[in-house]
Amino acid sequence: MRIGIDVGGTNTDAVLMDGQSVLAAVKTATTRDVTSGINTALAALQTQRAFDPAAVYAVMIGTTHFINALVEADRLAPTAAVRLGLPATASLPPMVDWPERLVEAIAGRAYLCHGGHEFDGRRISEPREDEIRQVAGELHRHGIRSVAISSVFSPVNAEFEQRAADILTGELPGLAVSLSSEIGRIGLLERENATIINASLRELATRIVDGLVGSLEGAGIHAPLYLSQNDGTLMDVDFARRYPVATFASGPTNSMRGAAFLSGAQTCAVVDVGGTTSDIGVLRHGFPREATTEVSVAGIRTNFRMPDVLSLGIGGGSRVRGGQGDVTVGPDSVGYRLAEEARVFGGSTLTATDVAVAAGRAAIGDPGLVRDLDRSLAEAALRRIASDIADAIERVRTSPDPLPVVVVGGGSILLPDEFESGPVHRPEHFAVANAIGAAIAQIGGEVDRIFPVEPGRRQAVLDDAKQEAVDKAIAAGAKPGSVRVVEVDEVPLAYLPGNATRIRVKAVGDLQLEGGRG
Amino acid sequence: MSRTITRHDLADLARGAALLGTGGGGDPYVGRLLVERAMLTGSGTITLLDPGELGDDDLVIPVAQMGAPTVMVEKIPGGGEAVAALRALEERLGRRADATMPIECGGINSMMPLLVAARTGLPVVDADGMGRAFPELQMETFSVYGVPGSPLAIGGENGETVIIDTGADNARMEWLARGITIRMGGVAHIAEYAMSGADVKRTAVPNTLGLGLRIGRALREAREEHRDPVQALAAAMEGTLYDKVRVLFRGKVVDVERRTVAGFARGHARLAAFQGPGELELTFQNEHLVARADGRVRCVVPDLICVLDADSGEPITTEGLRYGQRAVVVGISTPALMRTPEALAVFGPRAFGLDIDFRPVEDLVSP
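Every residue gets a number counted from 1 within its own chain, in the order that chain's sequence is written. Each chain gets a letter, beginning with A, and each ligand a number, beginning with 1, in the order they are written. Residue-level local features of this predicted model are given only where pLDDT is at least 70; pairs of side-chain atoms are given and counted only at 80 or more, and the full residue set underlies all totals for whole chains, interfaces and linings. Processing note: side-chain calculations cover all non-hydrogen atoms of the structure and skip hydrogens and water entirely.

The name an unreviewed UniProt entry gives chain B is DUF917 domain-containing protein, with Sphaerisporangium album as the organism.

Going by what an unreviewed UniProt entry lists, chain A is known as Hydantoinase/oxoprolinase family protein and is assigned to Sphaerisporangium album.

**Q** Help me out: how do you make sense of the side chain of N109 of chain B in this one?
**A** Helix and strand labels come from DSSP, where a helix needs a run of H or I of at least four residues and a strand needs a run of E of at least two; each type is numbered from the N terminus. Turning to its location among the elements, N109 of chain B is positioned in the loop between β4 (99-102) and α5 (112-120). Here's how the labels work: a residue is buried when its accessible area is under 20% of the maximum for its type, exposed when over 50%, partly exposed in between, all with a 1.4 Å probe on protein chains only. Using a relative accessible area of 4% as the deciding quantity, one classes N109 of chain B as buried.

**Q** Where do I start with the sheet that holds strand β8 (residues 176-179) of chain A in this structure?
**A** To summarise the sheet geometry, strands pair through backbone hydrogen bonds and adopt either a parallel or an antiparallel arrangement. All names here are of chain A. Any two strands between which DSSP finds at least two bridges are classified as paired. On the basis of which strands lie adjacent, the open sheet formed by four strands has the order β6-β5-β7-β8 and parallel pairing. For this open sheet the edge positions go to β6 (109-114) and β8, each flanked by a neighbour on one side alone. The sheet shows a mean angle of 25° between the axes of neighbouring strands, taken without regard to direction. Judged from the four bridges that link them, strand β7 (residues 146-151) and β8 form a sheet pairing that is parallel. Bridged to A148 within β8 is S178. The strands touched by helix α4 (residues 129-141) within the sheet are β5 (79-86), β6 and β7, with β6 carrying the most contacts at an inclination of about 165°. All axes here are fitted lines through C-alpha atoms, helices being fitted over the stretch that makes contact, and every angle between N-to-C directions spans 0 to 180 degrees. Contacts are assigned to residue pairs with any non-hydrogen atoms lying within 4.5 Å of each other.

**Q** Any chance you could explain the packing of helix α1 (residues 10-20) of chain B against helix α2 (residues 29-38) of chain B here in plain terms?
**A** The relative placement of two packed helices is expressed as an angle between their axes plus a distance between the axes. All names here are of chain B. At their nearest, the axes of α1 and α2 sit 10 Å apart, and the two run at 155° to each other. Classified by the interaxial angle, the pair formed by α1 and α2 is roughly antiparallel. Considering the relative orientation of α1 and α2, their crossing is right-handed. Note on element contacts: α2 touches α1 through R32, V35 and E36, opposite L10, A11 and A14. Per-class residue counts for the contact of α1 with α2 are four nonpolar, no polar and two charged. Angle categories: roughly parallel below 35 degrees, roughly antiparallel above 145, roughly perpendicular from 65 to 115, and oblique for all the rest. Crossing handedness is read from the near helix: turned anticlockwise from the far helix by less than a right angle, it gives a left-handed crossing, and turned clockwise, a right-handed one. Each residue gets one of three labels, nonpolar for Ala, Val, Leu, Ile, Met, Phe, Trp, Tyr, Cys and Pro, charged for Asp, Glu, Lys and Arg, and polar for the others, Gly among them.

**Q** It is not clear to me how the sheet that holds strand β1 (residues 2-7) of chain A should be interpreted in this structure. Could you clarify?
**A** Residues and elements named next belong to chain A. With mixed pairing, six strands are arranged side by side in an open sheet as β3-β2-β1-β4-β9-β10. This sheet does not close on itself; its edge strands, each paired only once, are β3 (21-29) and β10 (234-236). The sheet shows a mean angle of 25° between the axes of neighbouring strands, taken without regard to direction. Sheet topology note: the β1/strand β4 (residues 58-63) ladder contains six bridges and is parallel. Bridging from a neighbouring strand, D6 pairs with G62 of β4. The sheet strands contacting helix α1 (residues 35-48) are β1, β2 (11-18), β3 and β4, and the helix crosses β3 at an angle near 140°. The sheet strands contacting helix α6 (residues 188-218) are β4 and β9 (225-228), and the helix crosses β9 at an angle near 135°.

**Q** Whenever I open this one, the domain arrangement of chain B confuses me. Can you help?
**A** How big an interface is tends to be reported as the loss of accessible area on association of its parts. All names here are of chain B. Taken domain by domain, chain B consists of domain 1 (3-206) and domain 2 (227-358). Each partner contributes residues to the interface: domain 1 has 28 residues there, and domain 2 has 31 residues. Summing both sides of the interface, domain 1 and domain 2 together bury roughly 2,200 Å²; the carbon and sulfur share of this comes to 71%. Counting of polar contacts relies on pairs of N or O atoms within 3.5 Å, with two restrictions inside protein: one atom must be capable of donating a hydrogen and the other of accepting it, and residues adjacent in sequence are counted only when both atoms are side-chain atoms. At the surface where domain 1 touches domain 2, the tally comes to nine residue pairs in polar contact (both at pLDDT 80 or more). Of all elements in the fold, only α1, α6 (141-144), α8 (197-203) and β11 (205-206) reach the threshold of two or more residues within the side of domain 1 that touches domain 2. A total of four residues in the side of domain 1 that touches domain 2 trace back to one element, the largest contributor, which is α1. Class assignment for the residues of the side of domain 1 that touches domain 2 results in 13 nonpolar, ten polar and five charged. Note that the domain bounds reflect an automated or database-derived domain assignment. Buried surface area refers to the total accessible area, computed with a probe of radius 1.4 Å, that the two partners give up upon joining, counted for both partners together.

Rendered as structure tokens:
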């Protein structure tokens, strides 16, 4: 058996699974310390379906706690950024485009040193040990305990970041180090930003992860604990302590993967309808398609591996206005006050939930309270919702092939049984899709580099890149026979000789568990 | 009339420059940050000069970035490269520049002269030599009308400079400069096409930085006020040398194919109408070259072919094109200076290997 837990901003959901079947599923309130909410959820699982804690062989947790800490500029540690690239890059020092409030929240300090590589692996300059030692002295003087290290083209060659890390930790043994080459891809400022954010979350991550481990031990569960990452794969707790930023988009990712699992569709569009918004994304081979453009988080430009999700202001609490001919739905919502303000609960605000009840789509609250509602208005509002969602599905499609649509989330009662693009699947347990997504996560490996592709060598270069991604997945804990390549992306780079091509390959496999249980 | 640019104008200029990049020219984001940062010191403003304000004997030295924009997002400049190139060229010519100028108003190169201006206090001439973005250095109205690119100075982040002088042979200059750019790490900063004020007035496409600002502002305001971005664009173009704006197509991207040929990103994209039949095909080489609707040419280089997000009005680059995007494709007329037989021989459709004669967008598509 394994347990999947989703710690969201409002709810903490947990599921107990055995192989492909869901044995128990619970929803509890999230607590500020995270761990007491998890304790409650574990106890609720026991109540719903008694289980032997010793029979649990893995626990997977997805959480939005770390991204929320950044958005709230709260619980962040004093952080420094050290960049290797001089004499290049001096014009734009680290954190150059950050909101002032976040630079202050992390007491951010930036240092520029020599080092860095060219696109083809040549060195911009040699790193200078004395320069880095001097930075160590500065960090010590300012009481900084966490540092982000970036180096130009470190996705091509990470040796300088590693060398700087060795020197800094040699001087300051307790220093937490985050390396940009392990966090982001090409695009120095964006990768560096993600690394600095990561560094600022390190202490919180240690605290939270230690708390999670303690919660499980308290419940008698001694199985390994994993956290889900942005791309739907898992990381172990040691990795999570070092790379909390890798959890940033795990919420939408888990809900999408959970939806795929519950419906059995591996390639599909997923519509997650909540109280305020609908998130629409696409799964390919069971994994969310990633955004190809920079993603801004709390006003900071990053290149996180985030799912490409389109958010619409349509949810169960969306306000409905106008008449039959000019009806509008959202984008504003009564949100968590639905149970007081919606008509079916005796309130005075007409919401999307009310029109769904009036049209006979759902039985929520007191249907009698919306009996007087004009039926054709209700139908018009639902048609409006269906057409906006159908439009969004069209926009996230990646090919003209037929695409099944899976709907999850409490607000999915607003949607019809069929779209133009195909039928709609409404799986069982749709309300805890996130926790299920966490429970079924896999292990991944990725390559993202610029390769010279000589004439006639394209296939060989691609094969090498694929093998490297597979090896990385296995090194990260995937079961060797189960690893497959799920994504290959080639972008030829203009103006560079030798057909320089940026190749991204992602491979994933099942988690290798002790005793061969999967 | 001279005017000043402040930090607050840069985001608008970057957006307008992305549109004038017609799908290429590189993302102006890093360039904008460079200028913003440089403007924190000094007077905090940059003076834009109308070409008409130049004395005939003034010396104008344009600056630009050369190489792969994809490298520049990783290897950010030290900051002094472009100024070093400018100074090296001044030394070679034995004379100080009175102003700098863009060679290319589309994409990231709209920002490079502003960086030099912010660091040196030189004014920037509101004009350029492409009137848009093009993939090669010799595709310049300057060279079309007899101004040589040489001598050219290249600057790298170590403070090093290289002078290339190939006399009147601009194609060889481009070839040699590209080799040095690779040695410098794939991106370098150049000063070239040094010319007199009289030559600027005779050969440059005027008021293109001001045009970028105007476009960027119009698109932003349209989005803020939930107005149609294409109408806002058309209104912004009125009274400029780019005053014929035509909607070529509205639809969804259904196919994108890219490949590298001779160092350029070449490819095609197809869009299908939102409803009913109808298809538009775009052919690009870094920038868009030709748009064909149902097999008929609707707009062709050097006229501008711009792809905008149908909802936000944000320009979409050829690299950013992907399946499912809802887009408006707009054709925009270019100034007469860019449509003469001499100009078309250098950057008309046949210069890109297309077997098409140039026809103005306003003759191909009615308003």
